[in-house]
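Observations on the model geometry
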Amino acid sequence: MMESLVETTAPQNPADRRALSRESCGLVGRSEVLRNVTRLLGKVAATDSTVLILGESGTGKEVIAQCLHRHSTRAAGPFVAINCGAIPAELMESELFGHEKGAFTGALLTRKGRFELAEGGTLFLDEVAEMTPSMQVKLLRVLQEHQYERVGGSKPRDADVRIIAATHRDLEARIRDGLFREDLYYRLNIFPVELPPLRQRGDDLFLLLEHFLMQRQEDGFAPFRLSAEVKQVLLEHCWPGNVRELRNLVERLSILRAGEEVRLSDLPQHIWQSAKNAKSESDALRTIWAMEPDAALPVAELGELGHRLPDGPFDLKNYLEEIERNLILQALDLCDQVVARAAERLGLRRTTLVEKLRKYAIQPGRE
C-alpha cells in the first residue's frame, strides 16, 4: 500500500476526506525523491497558499496542480488552466481578465476571463515564465490587490482564486537576464515544489511503464515484454522528455509489439544509439585508464573506477571545474555545437548549461 502523503492528518475537506496518497494524486513510483515531493504536497494541499511548481518539461506539473486542487478546500470549485506560452501576447490580458463588449475591434460580446471562470477554485498558470513583461506587471497587481478589471471595464472584481504556477525555466536566470520580474517571482515563489526528472527516479521508470502499459491494455492492446537488454538501455537513457516521453514510447511499443517481446531495434533510434555511444565511450575510457594510470576520467566514471590522488597538494575545485569544462566541450562537439542538444546529452536543463557556458567563457556555435 502506498504511504499517505501527509504525516499527521488528512485535509479536512467536507467534499473529500480521503488522505492524500500518490495514487490519489496520479503519481506513480516509490523513489525517495518522489516521496519528498508528496510530503511537500501533503503539507500545502489544504492551504490557500500560492504554489510554484518547477521541473523539466514532461515531469507532470499539471498533474500535481490538479492533485493540489482536488485535496484543497476549493475542491468543489473549478480548476482552470491556461498555458501562458500558447496565448498570443495581444490576447493574454483578455484571456486572463475577460473583456467588455466593444472593448476592442471584434469584441462583439462580453467575455469572462480565466480569473472569473476560476472563481472559488484554482487557477493554474502553466509556463508562467513565458508571459511578456507588461503582462507580468498586470499579474503582479492582481496578486497584490486580489482584484482585477475586465479589458474595457471599470468595475473592480474580486480575484477569489488560488494561484498555482508552473514553469520549466530557470526563473532566477531569467531575472538576471531581465526577462522576469523579481517582485513577481517572490509573489509566486511562496511554496516552491520541484519535480524530479525521470532520470533521477531510478526504478520508478518501470513502475510508470507498467502503469502506462495497463492503460493501453484497457484500450484493447495486448501487453508487450521487455528483454533484459532493453530494460538496461531504458534505465541508462537520460529521458529528456521525462514521463511524457516514456508514455509516448509505451504507446509506440504497444502498437509495434503487442503480445511480443520488444527488441532493441524496436526502440527509437535516439534511445538505442545514445546507449551504443555511451558504451563505446565507456569502453574507450577504460582502455585509456588501463594504458595511462594518471589519465583523468569524467565524473561519471570516478565512483566506479576510482581516481588516483595526485602526489602533492592540488586545487580540487579547479581540477573538477576543468573536468566539467572538458565534458561540456565534448558534448558540444558531439551535438554540432547545438546548446539544447548538448544539454540533453549532459542531462542538464538548457538554462543550467547556458550558465555554465558563461562561467567557462565558452562560445557555442548555435543556441
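Residues numbered from 1 in each chain as written. Predicted model: local features only at pLDDT ≥ 70, side-chain atom pairs only at ≥ 80, totals over all residues. Heavy atoms only, no water.

Attention now goes to the overall build of the protein. Each helix and strand counted, the protein has 16 helices and nine strands in total. Per-residue burial for the protein yields a buried fraction of 41% across its 367 residues. In the protein, the share of contacts with a sequence separation of at least 24, taken over all contacts with a separation of at least 6, comes to 67%. Working note: accessible area of the protein is about 19500 Å², and carbon and sulfur atoms make up 51% of it. (Helix = DSSP H or I, 4+ residues; strand = E, 2+ residues; numbered from the N terminus. Buried < 20%, exposed > 50% of the residue type's maximum accessible area, 1.4 Å probe, protein only. Contact = heavy atoms within 4.5 Å. Areas by Shrake-Rupley, 256 points an atom, 1.4 Å probe, with all protein chains shown as cover.)

Right, let's talk about the confidence of the model for the protein for a bit. In the predicted model, the protein carries a mean pLDDT of 82, and 81% of its residues have values of at least 70. Under a pLDDT of 50 for its full length, residues 284-289 has, in the predicted model, 13 contacts with residues more than four places off or in other chains. Scored below 50 in pLDDT, residues 291-306 shows 27 contacts in the model against residues more than four places distant or in partner chains. (pLDDT = per-residue confidence, 0-100.)

Before going further, it helps to spend a moment on the layout of surface pockets. In this model, the second largest pocket occupies a volume close to 500 Å³. Contributing to the lining of the second largest pocket are 24 residues, with Gly58, Thr59, Gly60, Val63 and Val243 lying nearest its centre. Sorting the residues of the lining of the second largest pocket by element identifies α3 (61-70), α9 (204-218) and α11 (242-256) as the ones contributing at least two each. Taken together, the residues that form the lining of the second largest pocket break down as 10 nonpolar, seven polar and seven charged. (1 Å grid on protein atoms, 1.4 Å probe; cavity = no way out; pocket = protein on both sides within 12 Å on 5 of 7 lines; lining within 4 Å. Points joined across faces, edges and corners; volume = space filled by probe spheres on them. Nonpolar A, V, L, I, M, F, W, Y, C, P; charged D, E, K, R; others polar.)

All right, on to the packing of aromatic side chains then. The final tally for this structure, using the stated rule, is five aromatic pairs. Look at phenylalanine 79 and phenylalanine 124: their rings are 6.2 Å apart centre to centre, the planes differ by 25°, and that puts the pair in the stacked class. Taken as a pair, phenylalanine 79 in strand β2 (residues 79-83) and phenylalanine 124 in strand β3 (residues 122-126) lie far apart in primary sequence, 45 residues in all. On the accessibility criterion, phenylalanine 79 (23% relative accessible area) is partly exposed. Under the relative-accessibility criterion, phenylalanine 124 is labelled buried at 0%. Arranged with centres 5.2 Å apart and planes meeting at 65°, the rings of tyrosine 185 and tyrosine 186 form a pair that is edge-to-face. For tyrosine 185, a relative accessible area of 9% translates into the label buried. Classification of tyrosine 186 by relative accessible area gives exposed; the value is 53%. Counting every residue linked through ring pairs, the aromatic cluster contains Phe97, Phe115 and Tyr148. In this arrangement the basic side chain of arginine 216 is found over the ring face of phenylalanine 221, its NZ or CZ atom lying 4.0 Å from the centre. (Phe/Tyr/Trp six-rings, centres within 6.5 Å; stacked < 30°, edge-to-face > 60°. Lys NZ or Arg CZ within 6 Å of the ring centre and 35° of its normal.)

As a further point, take the pairing of strand β1 (residues 51-54). For a regular strand, side chains alternate in direction, first toward one face of the sheet and then toward the other. The alternating pattern of β1 places Val51 and Ile53 and Leu52 and Leu54 on opposite faces, both of which are buried. For β1 and strand β6 (residues 162-167), the ladder comprises four bridges, and the chain directions are parallel. In the sheet register, valine 51 faces β6, and the bridge partner there is isoleucine 164. Relative to strand β7 (residues 191-194), β1 runs parallel, the two sharing four bridges. Its bridge partner being in β7, leucine 52 is matched across the sheet by proline 192. (Pairing = 2+ DSSP bridges.)

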